[in-house]
Amino acid sequence: MIPQTILIIEDEERIAHWVQSYFRRAGFQTQVARNGHTGLDMVWKEKPDLIVLDLMLPGLDGWALCKQVRRNSDVPIIMLTARDAQQDRVSGLEMGADDYVVKPFDLEELVARTRAVLRRVAGTIAEQLTVGELSIHLGTNTCIVRGTTVSLTRTQLALMTAFMRHPNQILNRDQLLDIAFNNDFEGFDRSIDAHIRRLRHKIEPNPSQPQYILTVYGLGYKFVT
Ligand code: CA
């Protein structure tokens, strides 16, 4: 199993180090950012499985960072909040954090909460994935598009899952072919463009002018939200 990566965004070196070494011993990979802007860059570059986010950070603070992350990503976030700042916790959860621990915190508790959040997220992803106006339900091979349920073939579902797990990223034809053919029992159509065309007919309001799955000429396709 590939170890999961935790991004720790914490400006206090002592705490960052302490948290990092505990997570490592617990079997996680870790990355540390010491300010908000670096942290936000690393969220996009390193694609961590979970973020441990201190609220009081120089530059971009934890609330602003959380808000920016949530525009494009559902990566789980656990906030580190100050002892008496009840308001911090409430606004943190409103900003889209998944959980919080109160400083000074117990590392065992932080790791236990991390595992609980990761388990919860894995359960949700296994059944359902929602991005913007679209959600897919893996158990039933369906996609709900702006309230309307459409059924997808296995290949279409696999492609849609890949797109929705990588929103706003270009996926090239080779990557999409791999995904399609791992799931493909639909005959002889080896053209990814044909699969995409049929998928667009199911989910796009106007398939000739796609708004979700865009063609990026010479590179591949991009799912936009
Ligand atoms: Ca701090």
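Residues numbered from 1 in each chain as written. Predicted model: local features only at pLDDT ≥ 70, side-chain atom pairs only at ≥ 80, totals over all residues. Heavy atoms only, no water.

(A) Seen up close, the pattern of salt bridges. Per the stated rule, a full pass over the model turns up seven salt bridges. Of the charged contacts, one joins E10 and K103 as a salt bridge, the two residues approaching to 3.1 Å between their closest N and O atoms. With E10 in the loop between β1 (5–9) and α1 (13–25) and K103 in the loop between β5 (99–102) and α5 (107–127), this pair connects stretches of sequence that are 93 residues apart. Across this residue pair, the class does not change: E10 and K103 are buried. A salt bridge links R113 to D99; the shortest N-O distance between them is 2.8 Å. Remark: D99 occurs in strand β5 and R113 occurs in helix α5; sequence separation between them is 14 residues. For D99, a relative accessible area of 16% corresponds to the buried category. Bridged by salt links that share partners, the residues E10, E12, D54 and K103 form one connected network. (Salt bridge = Lys/Arg side-chain N within 4 Å of Asp/Glu carboxyl O. Helix = DSSP H or I, 4+ residues; strand = E, 2+ residues; numbered from the N terminus. Buried < 20%, exposed > 50% of the residue type's maximum accessible area, 1.4 Å probe, protein only.)

(B) Expanded view of the nonpolar core. Among the nonpolar cores identified, the biggest contains 25 residues, and L134, M160, F163, I203, I213 and F223 are the most heavily contacted of them. Secondary-structure elements contributing two or more residues to this core are β6 (128–131), β7 (134–137), β8 (142–145), α6 (154–165), α7 (173–182), α8 (192–203) and β12 (220–223). If one sorts the elements of this core by residue count, α6 sits on top with six residues. For M160, the residues in contact, after removing those within four places along its chain, are L134, I136, L152, L199, I203, I213 and F223. Counting 19 residues, the second-largest nonpolar core is a separate cluster that includes L7, I9, V75 and M79. (Core = buried A, V, L, I, M, F, W, Y, C linked by side-chain atoms within 4.5 Å. Contact = heavy atoms within 4.5 Å.)

(C) Spatial organisation of the sheet that holds β7. On the basis of which strands lie adjacent, the open sheet formed by four strands has the order β6-β7-β8-β9 and antiparallel pairing. Only two strands of the sheet have a single partner each, and these edge strands are β6 and β9 (148–151). On average, adjacent strands in this sheet sit at an angle of 20° to one another, irrespective of strand direction. Against the sheet, α6 makes contact with β6, β7 and β8, and its axis sits at roughly 130° relative to β7, the strand it touches most. (Pairing = 2+ DSSP bridges. Axes fitted to C-alpha atoms, helices over the stretch in contact; angles between N-to-C directions.)

(D) Structural view of unusual backbone geometry. Cis peptide bonds are those with omega within 30 degrees of zero, and the linkage from K103 to P104 qualifies with -5°. The phi dihedral of K47 is positive, around 45°, even though this residue is not glycine. Look at N168: it is not a glycine, yet its phi comes out positive at around 65°. Tracing the backbone shows N168 in the loop between α6 and β10 (170–171).

Geometry only, nothing functional implied.
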